[in-house]
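Single-letter residue listing:
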Amino acid sequence: MAAASARAGLTPVVASMTVEQRDAFLRGTRIAILGSLYDTGAPTAIPVWFDWDGESATVFTSATSEKIRRLKADPRACLTVAEPVGAREAWVTIEGEATIEESGGIELARQLAARYYTPERVREVMPSWEAMASRWVVIRIRPTRIRSVAPGG
């Protein structure tokens, strides 16, 4: 039906997630894709771990990373989270402006490592991450627009 609608020039109707569905989806453990712009205006996108608190998305990174350089030059960003292949289609894209927070990076790194890694892997990586604790920063994206597709939408 959707293919026939597309051939006829019609856009299929898809259901957006409710706020409750969206928040539950974003609180799950999924890899996000962070989109930002180079100084030439060319877009780039990279996979990241993230946290969602219901109002903003956060990512931790090194203060000297390319992500930080790009976002300081142009704070426009988007974060897209999607179900993997084989699952019912569902995704959320958060568009907004990113701010860089100098504190809280190691705390977010600890929190996300515990969520994304096995306990054994956390024990392996955390000593080196703790050694560079002062270099971690937080990227916070406050949404100006959120788009989504509900599972089966």
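As shown above, the structure is provided for reference.
Remember, predicted model here, so these are calculated numbers, not experimental data. (Residues numbered from 1 in each chain as written. Predicted model: local features only at pLDDT ≥ 70, side-chain atom pairs only at ≥ 80, totals over all residues. Heavy atoms only, no water.)

**Q** Looking at this structure, how should I read the packing of aromatic side chains?
**A** Given two aromatic rings, one states the distance between the centres and the angle between the planes to describe the pair. One pass over the structure, following the stated rule, counts eight aromatic pairs. Taken together, the aromatic side chains of Trp 49, Phe 60, Tyr 116, Tyr 117, Trp 129 and Trp 136 make up a single cluster linked through ring pairs. Sitting above the plane of the Tyr 38 ring, Arg 70 keeps its charged end 5.2 Å from the centroid. Sitting over the ring of Tyr 117, Arg 121 keeps its end group 5.2 Å from the ring centre. (Phe/Tyr/Trp six-rings, centres within 6.5 Å; stacked < 30°, edge-to-face > 60°. Lys NZ or Arg CZ within 6 Å of the ring centre and 35° of its normal.)

**Q** What should I look at first to understand the pairing of strand β6 (residues 91-101) in this one?
**A** Regular strands have side chains that alternate between both faces of the sheet. Relative to β6, strand β5 (residues 76-82) runs antiparallel, the two sharing seven bridges. Of the residues in β6, the one forming a bridge with Ala 82 is Trp 91. The sheet contact formed by β6 and strand β7 (residues 136-149) spans eleven bridges and is antiparallel. Looking across to β7, one finds that Ile 100 is bridged to Ile 139. (Pairing = 2+ DSSP bridges. Helix = DSSP H or I, 4+ residues; strand = E, 2+ residues; numbered from the N terminus.)

**Q** So what exactly am I meant to see when it comes to the sheet that holds strand β4 (residues 57-62) here?
**A** Either a parallel or an antiparallel arrangement is found when strands of a sheet pair, and the pairing is made through backbone hydrogen bonds. An order of β2-β1-β5-β6-β7-β4-β3 is seen for the seven strands of this open sheet, with the pairing classed as antiparallel. Strand pairing shows two members of the sheet lacking a second neighbour, β2 (43-48) and β3 (51-52), which therefore form its edges. Direction of pairing for β4 relative to β7: antiparallel, over a ladder of six bridges. Note on β7: the bridge partner recorded for Val 59 is Ile 139. Against the sheet, helix α2 (residues 19-26) makes contact with β3, β5, β6 and β7, and its axis sits at roughly 65° relative to β6, the strand it touches most. (Contact = heavy atoms within 4.5 Å. Axes fitted to C-alpha atoms, helices over the stretch in contact; angles between N-to-C directions.)

**Q** Is there a simple way to think about helix α4 (residues 105-116) in this case?
**A** One full turn of an α-helix is made of 3.6 residues, so residues set three or four places apart face in the same direction. In this model, α4 (twelve residues) spans 16 Å end to end at C-alpha, consistent with the 16 Å of a helix rising 1.5 Å per residue. Here α4 has its buried residues at Gly 105, Ile 106, Leu 108, Ala 109, Leu 112, Ala 113 and Tyr 116. Angularly, the buried residues of α4 cover 155° about the axis, an arc narrow enough to put them on a single face. Lining the buried residues of α4 we find β3, β4, α5 (119-131) and β7. (Expected span 1.5 Å × (residues − 1). Buried < 20%, exposed > 50% of the residue type's maximum accessible area, 1.4 Å probe, protein only. Arc of directions from axis to C-beta.)

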